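Coordinate inspection notes
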Amino acid sequence: MPFWARISGPPDTAPRAFTVLGSGLFSDISFHWTAEGRLRGDVELATAIPELDAAIVAAVRRADSAGVFPPPGQGEGWDGGRIALRLVRWEPTDTLGVGLIRLVLPILRADSPVEVIRIPPPRYPAAAQEGGIGDAIDLVYVVGANGRMVRGSARMVGGRYRAFAQAAIEAVEKGEYRPARIAGCAVPQQVAQRIQFHIRP
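Reference entry: report on the structure contained in this document. Everything numeric here is computed off the predicted structure, so don't read it as measured data.

Quick word on the nonpolar core
Judged by nonpolar contacts, the single largest core of 23 residues is most densely connected at Ile137, Leu139, Tyr141, Val172 and Phe197. Here this core takes 6 residues from helix H3 (residues 162-173), the largest share from any one element. If near-sequence neighbours (up to four positions away) are discounted, Ile137 is found in contact with Met156, Gly158, Gly159, Arg160, Tyr161, Phe164, Ala165, Ala168, Gln193, Arg194, Ile195 and Phe197. Of all hydrophobic cores here, the second largest spans 14 residues; its members include Phe31, Leu39, Leu52 and Ile56.

Overview of the sheet that holds strand S12 (residues 189-197)
Read across the open sheet, the 3 strands follow the order S8-S7-S12; overall the sheet is antiparallel. Of all the strands in the sheet, just strand S8 (155-158) and S12 have a single pairing partner and so form its edges. The average undirected angle you get between the axes of adjacent strands in this sheet is 35°. Across the sheet, H3 is in contact with strand S7 (135-143), S8 and S12; its angle to S7 comes to roughly 40°.

A closer look at unusual backbone geometry
A positive phi is found at Ala183, a non-glycine position, where the angle reads about 50°. Looking at the element boundaries, Ala183 is found in the loop between strand S10 (180-182) and strand S11 (185-187). For Ala183, a relative accessible area of 67% translates into the label exposed.

Some remarks on the pairing of strand S2 (residues 28-33)
One ladder, built from 5 bridges, connects S2 with strand S4 (residues 82-86); its direction is antiparallel. By the bridge assignment for S4, Phe31 is matched with Ile83. Sheet topology note: the S2/strand S3 (residues 39-44) ladder contains 3 bridges and is antiparallel. Note on S3: the bridge partner recorded for Trp33 is Leu39. With antiparallel pairing between neighbouring strands as the criterion, S2 and S3 make up a hairpin whose turn holds 5 residues, including Gly37 at a positive phi of roughly 85°.

Conventions we followed
- Residues numbered from 1 in each chain as written.
- Predicted model: local features only at pLDDT ≥ 70, side-chain atom pairs only at ≥ 80, totals over all residues.
- Heavy atoms only, no water.
- Core = buried A, V, L, I, M, F, W, Y, C linked by side-chain atoms within 4.5 Å.
- Buried < 20%, exposed > 50% of the residue type's maximum accessible area, 1.4 Å probe, protein only.
- Helix = DSSP H or I, 4+ residues; strand = E, 2+ residues; numbered from the N terminus.
- Contact = heavy atoms within 4.5 Å.
- Pairing = 2+ DSSP bridges.
- Axes fitted to C-alpha atoms, helices over the stretch in contact; angles between N-to-C directions.

Now the structure itself:
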């Protein structure tokens, strides 16, 4: 099974409030332009798929060779020519943005999705507790075939404070899960989880 395949639960499972890319595709992409609009240095990204990394780097280098990058403006917001992009699920909207890459991902239907057995209560950040601050952290992460979170796979996709995000990730790392199954075989699946932090009176 390719690591980057998306695995969805049975049709009768509750849909999530947000959708995510397949496991292993998350990455930021960054590179620098010179004042003349030419590529300077390396293109940096790190998905779990070396072939995808190589294809994106080659595309940026081809665009540079064709001279299609205009000289970047050097007014407000100039960051030394640094360009930062992110691989995300994108649907055309009226907001600013453009889709640069189209990927076709296989979707495998799980007979049974991941089930949470136990996630320990997260550590409440002391400074936030003293200040009466709460948060709700939305995470996506991969639950492996062994029923544990794949270390390093967690990403925050919603929430306000980094301290809460770190505490939420620590909690799901310690969690126990019943893995997704296809034809009786345990398989990794990317899941979405919301961790709430409430101040108790």
